[in-house]
Amino acid sequence: DQQVKQNSPSLSVQEGRISILNCDYTNSMFDYFLWYKKYPAEGPTFLISISSIKDKNEDGRFTVFLNKSAKHLSLHIVPSQPGDSAVYFCAATILASGAGSYQLTFGKGTKLSVIP
Amino acid sequence: GAVVSQHPSRVICKSGTSVKIECRSLDFQATTMFWYRQFPKQSLMLMATSNEGSKATYEQGVEKDKFLINHASLTLSTLTVTSAHPEDSSFYICSARVRLAGNYEQYFGPGTRLTVT
């Protein structure tokens, strides 16, 4: 049972336009969400996160929106740049369960291609 | 930001042999490290959680006798794949957890590509 789902395996966007990457989750206990960017043969790099007490978090060109009632979050990249081309993973965890856990559950990823 | 290194980055071994992968936190101490595995076009799957000075906690379906984890110091965790088989070929990634400004963050290593022939 996949608790974190990224239903679009790939996305192509023109340079300068907005990229919107979506993520859905099924476990209502998740209270902290993260987005990671991954290049081939490299480990994931942290991008941005959001706590369940917020519905939006912004960092430069990256904004994450959280809709708890829909169990949905999205990552917006504006404007998109060719260097943003990578695989983006959505991840979720339950922080409230205590400091001993913080295990991340990842989606399958969405491959973003930004076309110059 | 915090840096996590892995060694080796790529290894090819013969079926039946053992391979050790090292994960180091370079500029911070990590009481907890995680080991993930990623198959092509799949998500990162958590294999085990490693706490310094204690036994690792393995996820369901991961054989602890096959994937030996040692977290002997606050900056080093090792994963040994024993009696490797071709189906163990995968991309193995470690991460280290650190507390920053009251929040826990995870930093990932660059990964190790294991190919078992």
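Reading the values: the criteria
- Residues numbered from 1 in each chain as written.
- Chains lettered and ligands numbered in written order.
- Predicted model: local features only at pLDDT ≥ 70, side-chain atom pairs only at ≥ 80, totals over all residues.
- Heavy atoms only, no water.
- Helix = DSSP H or I, 4+ residues; strand = E, 2+ residues; numbered from the N terminus.
- Rg over C-alpha atoms; globule rule 2.2 N^0.38 Å.
- Core = buried A, V, L, I, M, F, W, Y, C linked by side-chain atoms within 4.5 Å.
- Buried < 20%, exposed > 50% of the residue type's maximum accessible area, 1.4 Å probe, protein only.
- Contact = heavy atoms within 4.5 Å.
- Buried area = accessible area lost by both parts, 1.4 Å probe.
- Salt bridge = Lys/Arg side-chain N within 4 Å of Asp/Glu carboxyl O.
- 1 Å grid on protein atoms, 1.4 Å probe; cavity = no way out; pocket = protein on both sides within 12 Å on 5 of 7 lines; lining within 4 Å.
- Points joined across faces, edges and corners; volume = space filled by probe spheres on them.
- Nonpolar A, V, L, I, M, F, W, Y, C, P; charged D, E, K, R; others polar.
- Pairing = 2+ DSSP bridges.
- Polar contact = N/O pair within 3.5 Å; in protein donor to acceptor, adjacent residues only side chain to side chain.

Caption draft 1: Summary view of the overall build of chain B. Within chain B, the regular secondary structure consists of zero helices and 11 strands. Ordered by position from the N terminus, the helices and strands of chain B form the series β-β-β-β-β-β-β-β-β-β-β. A globule of 117 residues ought to have a C-alpha radius of gyration of about 13 Å, and chain B, at 14 Å, matches this closely. Counting only C-alpha atoms, chain B reaches 45 × 25 × 25 Å along its principal axes.

Caption draft 2: Seen up close, the nonpolar core. Residues V4, W35, F67, L79, Y92 and L114 of chain B are the most contacted members of the largest nonpolar core, which totals 26 residues. Mapped onto this core, the elements with two or more residues apiece are β2 (10-13), β3 (19-25), β4 (32-38), β5 (45-51), β7 (67-73), β8 (76-81), β9 (90-100) and β11 (112-116) of chain B. When residues of this core are assigned to their parent elements, the largest contribution, four residues, is made by β9 of chain B. Once residues lying within four places of it in the same chain are set aside, the contact partners of L79 of chain B are V19, K20, I21, W35, F67, L68, I69 and Y92 of chain B. If you look at the next biggest cluster of nonpolar residues, it comprises 23 residues, including W35, L47, I77 and A86 of chain A.

Caption draft 3: Structural view of the interface of chain B and chain A. Counting residues at the interface gives 19 residues for chain B, matched by 19 residues for chain A. Carbon and sulfur atoms supply 55% of the area buried between chain B and chain A, which totals about 1700 Å² over both sides. Looking at the side of chain B facing chain A, the largest losses of area belong to L44, Y104 and F108 of chain B, adding up to 27% of the total buried there. Linking chain B with chain A are zero salt bridges, by the criterion used here. For the side of chain B that touches chain A, the secondary-structure elements that each account for two or more residues are β4, β5, β9 and β10 (103-108) of chain B.

Caption draft 4: Structural context of the layout of surface pockets. When its volume is computed, the largest pocket comes out at roughly 660 Å³. V87 of chain A together with Q38, P40, K41 and Q42 of chain B are the residues nearest the centre of the largest pocket, which is lined by 27 residues in total. Those elements that place two or more of their residues in the lining of the largest pocket are β9 (86-93) and β11 (110-115) of chain A. A class-by-class count of the residues in the lining of the largest pocket yields 11 nonpolar, 10 polar and six charged.

Caption draft 5: Seen up close, the sheet that holds strand β8 (residues 72-77) of chain A. Residues and elements named next belong to chain A. The strand order β1-β3-β8-β7-β6 describes an open sheet built from five strands, whose pairing is antiparallel. The strands lining the two open edges of the sheet, one partner per strand, are β1 (4-5) and β6 (56-59). Pairing of β6 with strand β7 (residues 62-67) involves four bridges; the strand directions are antiparallel. Within β7, the position partnered with N57 by the bridge is V64.

Caption draft 6: Structural view of the pattern of salt bridges. Residue and element names in this part refer to chain A. In this structure the tally under the stated criterion is four salt bridges over all chains. Here E58 and K56 are joined by a salt bridge, their closest N and O atoms 3.9 Å apart. A residue is classified by how much of its surface remains accessible, and E58, at 52% relative accessible area, is exposed.

Caption draft 7: Summary view of the environment of S25 of chain B. Residues and elements named next belong to chain B. Along the chain, the position of S25 falls in strand β3. S25 sits in the buried class, given a relative accessible area of 4%. With 17 residues separating them in the primary sequence, S25 and Q42 have C-alpha atoms 26 Å apart. Sequence-distant contacts of S25, defined by excluding residues within four places in its chain, comprise V3, A30, M33, L74 and T75. From its side chain, S25 meets the backbone oxygen of F28 in a polar contact 2.8 Å long.

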